[in-house]
Amino acid sequence: MNIILSSVLMISSLVLIGLGLMGFRHKGVSGVKAFSLLMLAMAVHTAAYAVELRSPNLETMYLWTRVEYVAMSFYPFLIFWFAREYVGERKFANRYVMAVLLVINIITLFLVQTNPLHGWYYENLAIDNSLGFPVLAIDKGFWYLVQVVALYFAIGYAFVVLLNRRIKTRGSSRRRVTLILAGMSVPFVVSIIYMLGLGIGKLDLSPFAYIFLSLLVAAGLYRYDILFLSEVTHEMIFNTIDESVIVVDGEGYILKINQATR
């Protein structure tokens, strides 16, 4: 069974890598760098967990957990950064908040790599065989909870600003934001289930949720070209133009008007 699960995760990782690399093709567009790095971080996490599921002993499992956290540690920062750039919000998501998140994430990476010395991130590591194959079982340390709070803070911010953007847009632009929200919702709900201990044994379900995330984002790329993030580009240039400018989508819905038009 673990071989099947590991294979599924490897396929998902390849999809995420493809999405991340596709984003770098449009590196001049605001927000796309954070998006691409987030996809690649999820790919690393997913692939490393796939190998962890096939690891025969605790030492090897912890080794791959450390690899996972090279990417996982920075989820809060990357999610916050992407949402900030996508909607162009700077008042709350200022450089000081970004710096605090980044410092927390760097500390998380350091504590995971050095956990045997202090137990601040994992109080205990063991193997659980209740599913018929070995799975890493953890007892959470105090900094684990700090990282979770940082992650949910970033996700909460992203949901608020994206919902606000969805309310203010129409047509394909609204559907584009809806796909992003749907893609983010699946891993968020799954992570809550895992945190509450309501999942499948000790299996970490989050990497499996990235499969749905990647499919939803891929659908957005195919139909609505998510990675161009045109809303941000428009917002940045509109107020520098003295003439009236009105932007509509392919269906005739008005997406934005500049200050001159108002």
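Counting restarts for each chain, with residues numbered from 1 along the sequence as it is written. Totals for whole chains, interfaces and linings use all residues, but because this is a predicted model, local features are given only for residues with pLDDT of at least 70 and pairs of side-chain atoms are given and counted only at 80 or more. Hydrogens and waters are ignored; side-chain quantities use all the structure's heavy atoms.

Participant: Tell me about the packing of aromatic side chains, and name the residues and values.
Facilitator: Any two rings among Phe, Tyr and Trp, with Trp reduced to its six-membered ring, count as a pair given centres within 6.5 Å; such a pair is stacked if its planes are under 30 degrees apart, edge-to-face if over 60, and tilted if neither. Applying the stated criterion to the full structure yields 16 aromatic pairs. With centroids separated by 6.4 Å and ring planes inclined at 80 degrees, the aromatic side chains of Tyr69 and Tyr122 adopt a geometry described as edge-to-face. Here Tyr69, found in helix H3 (residues 58–72), pairs with Tyr122, found in strand E1 (residues 122–128); they are 53 residues apart in sequence, far enough to count as distant. Residue burial is assigned from relative accessible area. The probe radius is 1.4 Å, only protein chains are included, and a residue is buried under 20% of its type maximum, exposed over 50%, and partly exposed in between. For Tyr69, a relative accessible area of 5% puts it in the buried group. For the pair Phe80 and Phe153, a centre-to-centre distance of 5.7 Å together with 15 degrees between the ring planes defines the contact as stacked. Taken as a pair, Phe80 in helix H4 (residues 75–87) and Phe153 in helix H7 (residues 142–168) lie far apart in primary sequence, 73 residues in all. Take Phe80: its relative accessible area is 0%, and that puts it in the buried class. You can call Phe153 partly exposed: its relative accessible area is 34%. Chaining the aromatic ring pairs together yields one cluster made of Tyr69, Tyr121, Tyr122 and Tyr144. Secondary structure is summarised from DSSP: a helix means a run of H or I of at least four residues, a strand means a run of E of at least two, and numbering begins at the N terminus for each.

Participant: Give me the lowdown on the packing of helix H2 (residues 32–52) against H3, citing residues and values where you can.
Facilitator: To obtain each axis, a line is fitted to C-alpha atoms, and for helices this fit is confined to the stretch in contact; angles are then taken between N-to-C directions over 0 to 180 degrees. Contact pair H2 / H3: the axes reach a minimum separation of 8 Å and the direction vectors enclose 170 degrees. With respect to H3, the element H2 is oriented roughly antiparallel. Contact residues: H2 offers Ala41, Val44, His45, Ala48, Tyr49, Val51 and Glu52, while H3 offers Met61, Trp64, Thr65, Val67, Glu68, Ala71 and Met72. Under the scheme applied, nonpolar residues are Ala, Val, Leu, Ile, Met, Phe, Trp, Tyr, Cys and Pro; charged residues are Asp, Glu, Lys and Arg; polar residues are all the others, including Gly. Among the residues forming the contact of H2 with H3, the class breakdown is ten nonpolar, two polar and two charged. Note on angle classes: values under 35 degrees are labelled roughly parallel, values over 145 roughly antiparallel, values of 65 to 115 roughly perpendicular, and the remainder oblique. It only takes one pair of heavy atoms within 4.5 Å for two residues to be counted as in contact.

Participant: Please provide a residue-by-residue account of the pattern of salt bridges, values included.
Facilitator: Here, a salt bridge means any Lys or Arg side-chain nitrogen found within 4 Å of an Asp or Glu carboxyl oxygen. Evaluation of the coordinates by the stated rule reveals two salt bridges. Between Glu85 and Arg84 there is a salt bridge, with its nearest N and O atoms 2.8 Å apart. With relative accessibility at 11%, the residue Glu85 sits in the buried group. Here Glu85 and Arg90 are joined by a salt bridge, their closest N and O atoms 3.3 Å apart. You can call Arg90 partly exposed: its relative accessible area is 35%. In the salt-bridge network here, residues are joined through shared partners; they are Arg84, Glu85 and Arg90.

Participant: Please provide a residue-by-residue account of the pairing of E1, values included.
Facilitator: In this sheet, strand E2 (residues 135–140) lies alongside E1 in antiparallel orientation, the contact comprising six bridges. Paired with Asn124 across the bridge in E2 is Asp139. Any two strands with at least two DSSP bridges between them are considered paired. Connecting the antiparallel pair E1 and E2 is a turn made up of six residues, with Gly132 showing a positive phi of about 95 degrees.

Participant: Now, about the side chain of Asn115: what can you tell me, with residues and values included?
Facilitator: Mapped onto the secondary structure, Asn115 falls in helix H6 (residues 115–118). If we ignore the near neighbours within four places in the chain, the residues touching Asn115 are Tyr62, Trp120, Tyr121 and Tyr122.

Participant: Go over the side chain of Ser36, please, and point to the residues and values.
Facilitator: Here Ser36 lies in helix H2. Beyond its immediate sequence surroundings of up to four residues, Ser36 is in contact with Gly20, Gly23 and Phe24.

Participant: Explain the confidence of the model for the chain to me, using residue names and the numbers behind them.
Facilitator: When pLDDT is averaged along the chain, the result is 83; 87% of the residues meet or exceed 70. A low-confidence stretch, residues 229–234 (pLDDT under 50), is modelled with 20 contacts involving residues beyond four sequence positions or located in other chains. pLDDT: the predictor's confidence for each residue, scored from 0 to 100.

Participant: Requested: an account of H3, with residues and values cited.
Facilitator: Multiply 1.5 Å by the residue count of a helix minus one, and that product is the helix's expected span. Look at H3: 20 Å from first C-alpha to last across 15 residues, which is about the 21 Å you get at 1.5 Å a residue. Within 3.5 Å is the distance limit for a polar contact, defined as a pair of N or O atoms, with the added protein rule that one can donate a hydrogen and the other accept it, and that residues adjacent in sequence qualify only through two side-chain atoms. For H3, the capping residue at the N-terminal end is Asn57, with a side-chain oxygen 3.3 Å from the backbone nitrogen of Glu59.

Participant: Can you tell me about the packing of helix H1 (residues 2–24) against H2, naming the residues and giving the values?
Facilitator: The contact between H1 and H2 brings their axes to 8 Å, and the two run at 160 degrees. Taken together, H1 and H2 sit at an angle that is classed as roughly antiparallel. Between H1 and H2 the crossing geometry is left-handed. Of the residues contributing to the contact of H1 with H2, the split by class is 17 nonpolar, seven polar and no charged. With the far helix as reference, a near helix turned anticlockwise by less than a right angle produces a left-handed crossing, and one turned clockwise produces a right-handed crossing.

Participant: Can you explain the nonpolar core? Please cite residues and give values.
Facilitator: One finds Met39, Met42, Tyr75, Ile79, Tyr121 and Leu162 to be the most contacted residues of the largest nonpolar core, which totals 54 residues. Of the residues forming this core, the biggest block, twelve residues, is contributed by H7. With twelve residues, the next largest nonpolar core counts Leu5, Leu203, Leu205 and Phe208 among its residues. Here, nonpolar core refers to any group of buried Ala, Val, Leu, Ile, Met, Phe, Trp, Tyr and Cys residues whose side-chain atoms link them within 4.5 Å.

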